[in-house]
Amino acid sequence: MNLGRSIRINKCGVVILGLLFMCILYYLWNSNGANGASYAFSKNPNEINLRKLLIGSIQAAQHGGFEVVAVSKMRDLHEQSKGKTKEGANNPVTDADYRSNCVMKNGLLRIFPKLKVISEEDDRQEQCAEVQLFDLDPTVLPESVTVPDERVNIDDVDVWIDPLDATQEYTERLHEYVTTMVCVAVKGVPTIGIIHNPFTMKTTWAWRDRALSESLANLKHDADVKHPTIIVSRSHAGAVKEQSKQIFGENAQVISAGGAGFKVLQVIQNNATAYLHTTHIKKWDICAGDAILGAIGGRMSDLHNENIVYHRDTPALNPSGLLATALTETHEAYIKRIVESKRFVR
């Protein structure tokens with residue numbers, strides 16, 4: 001054997017290896033893989049994959065819920081007051097609000113660094129250091145649900161998060177009212193909504209015109225508007241009860257509950273025909289519910305029958321109340337009565 005003979009390179013083999021390497025890169029580029037790093041391989045860094053954002057948003061709501069439950073087991077919630085609401089009720093905040101906000105907001109921003117996230121609470125870094133963030137896990141979507149890939153300009157996307165809805169009820173240990181919520185708005189339109197109850201571990205989500213969670217798939221709603229059941233906030237139930245009787249008639253039943261997310265779910269689950277709120281309300285409280293109702297054929301509007309816009313350049317406060325129903329026909333009938341009553345004239 002001549003050890004000095006030069007090694008011949010098989011050009012065909014090199015070509016095959018090169019093609020194989022390119023195939024691997026192409027797969028990574030287009031992969032819907034389980035980790036957030038795949039976002040970096042987007043063909044256009046100014047676009048965002050809404051399927052991945054749906055997955056991340058579901059995880060954000062659920063992981064925020066873990067923090068809410070964990071703090072609830074502590075002896076001291078470290079409750080503070082942010083002042084009074086317009087109705088005169090206490091507006092509390094707890095460690096659970098801040099810790100949930102940390103994991104929800106920072107978790108989404110770690111995966112989607114250019115994402116615009118609007119949250120009810122500001123981060124507190126000393127508490128953020130204690131929470132564990134998450135990577136994308138597509139298994140949060142059941143195999144029975146088909147979710148398409150769709151990319152949009154990331155500058156058109158605003159994400160509204162409520163890290164703990166119904167904080168007052170949370171401090172009272174009324175955990176059935178508590179939710180964590182994420183809403184994806186595209187060009188100001190509520191498009192993806194997630195409402196998660198951390199104490200029952202039930203997650204309800206919808207992507208308008210694209211996909212629904214299994215809990216929404218087979219729901220049926222009755223268009224009967226002659227027997228209104230109106231759900232309202234606990235903080236001003238007395239005033240709204242009287243107004244509802246005058247608008248919808250003496251046969252109207254009025255029930256009170258905490259949490260905007262919970263009240264929307266009651267409408268979705270046929271426990272109420274409408275959710276009525278007569279004063280101002282923040283958009284992170286209602287965006288997720290607005291998206292879900294729109295996806296199942298319902299509608300949420302302000303009390304002047306105008307759609308609520310969830311764009312970063314609009315105020316976070318919706319000053320004109322809301323009416324939410326699971327059917328557009330019900331909404332049309334009820335809003336007509338409200339407008340004719342002239343109770344909420346500008």
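What comes next concerns the included structure. Every residue gets a number counted from 1 within its own chain, in the order that chain's sequence is written. Only residues with pLDDT of 70 or above have their local features reported here, since the model is predicted, and side-chain atom pairs are shown and tallied only from 80 upward, although totals for entire chains, interfaces and linings are computed over all residues. Excluded from the side-chain calculation are hydrogens and water; included are all heavy atoms of the structure.

**As for the packing of helix α8 (residues 260-268) against helix α9 (residues 283-295)**
As a reminder, the rule being used: Only C-alpha atoms enter the line fits that serve as axes; for helices the fit covers just the stretch in contact. Angles between N-to-C directions range over 0 to 180 degrees. For the purposes of this entry, the term helix denotes a DSSP run of H or I that reaches at least four residues, the term strand denotes a run of E that reaches at least two, and both are numbered from the N terminus. Convention used here: angles under 35 degrees read as roughly parallel, angles over 145 as roughly antiparallel, angles from 65 to 115 as roughly perpendicular, and any remaining angle as oblique. Should the near helix be turned anticlockwise from the far one by less than a right angle, the crossing is termed left-handed; should it be turned clockwise, right-handed. Any two residues whose heavy atoms approach within 4.5 Å are treated as being in contact. For this classification, Asp, Glu, Lys and Arg are treated as charged, while Ala, Val, Leu, Ile, Met, Phe, Trp, Tyr, Cys and Pro are nonpolar and the rest, including Gly, are polar.
Across the interface, α8 lies against α9 with an axial gap of 8 Å and an inter-helix angle of 15°. Viewed along their axes, α8 and α9 adopt a mutual orientation that is roughly parallel. Viewed along their axes, α8 and α9 form a crossing whose handedness is right-handed. Listed contacts from α9 to Ala 260, Gly 261, Val 264, Val 267 and Ile 268 of α8 are Asp 285, Ile 286, Gly 289, Ile 292 and Leu 293. Counted by class, the contact of α8 with α9 contains seven nonpolar, two polar and one charged residues.

**What about the sheet that holds strand β11 (residues 229-233)?**
To keep things clear, this is the line we draw: The pairing criterion is simple: DSSP has to find at least two bridges between the two strands.
Judged by pairing direction, the sheet is mixed, and its five strands sit side by side in the order β12-β11-β13-β17-β15 without closing on themselves. This sheet does not close on itself; its edge strands, each paired only once, are β12 (253-257) and β15 (299-301). For this sheet, the mean angle separating the axes of adjacent strands, direction not counted, is 20°. Two elements, β11 and β12, share five bridges in a ladder whose sense is parallel. Residue pairing for β12: Thr 229 is matched across the bridge by Gln 253. Across the sheet, helix α10 (residues 328-341) lies against β11, β13 (274-277), β15 and β17 (322-325), angled at about 150° from β17, the strand it touches most.

**Some points on the pairing of β13**
This is how the line gets drawn: Only protein chains enter the area calculation, which uses a 1.4 Å probe; residues under 20% of their type maximum are buried, those over 50% are exposed, and those in between are partly exposed.
Taking every second residue as pointing to the same face, both faces of β13 are buried, with Ala 274 and Leu 276 on one and Tyr 275 and His 277 on the other. As defined by bridge partners, β11 adjoins β13 across two bridges and the pair is classed as parallel. Of the residues in β13, the one forming a bridge with Ile 231 is Tyr 275. Across three bridges, β13 lies against β17 in antiparallel orientation. Within β17, the position partnered with His 277 by the bridge is Leu 322.

**Describing the state of the cysteines**
Using the following cut-off: Throughout, disulfides are identified as pairs of cysteine sulfur atoms within 2.5 Å of each other.
All told, the structure shown has two disulfides when counted by the stated rule. The side chain of Cys 102 participates in a disulfide bridge whose partner is Cys 128; the two sulfur atoms lie 2.1 Å from each other. Judged by the sign of its S-S torsion, about -75°, the cystine formed by Cys 102 and Cys 128 is left-handed. With Cys 102 in helix α3 (residues 95-111) and Cys 128 in helix α4 (residues 125-128), the pair connects residues that are 26 residues apart, well separated along the chain. Here Cys 102 falls in the buried class, since its relative accessible area comes to 0%. Covalent S-S linkage joins Cys 183 and Cys 287, the inter-sulfur distance amounting to 2.1 Å. Looking along the S-S bond of the Cys 183-Cys 287 disulfide, the torsion reads about -45°, which is the left-handed sense. Linking Cys 183 in strand β7 (residues 179-186) with Cys 287 in helix α9, this pair joins segments that are 104 residues apart in sequence. Taken as a pair, Cys 183 and Cys 287 share a single burial class, namely buried.

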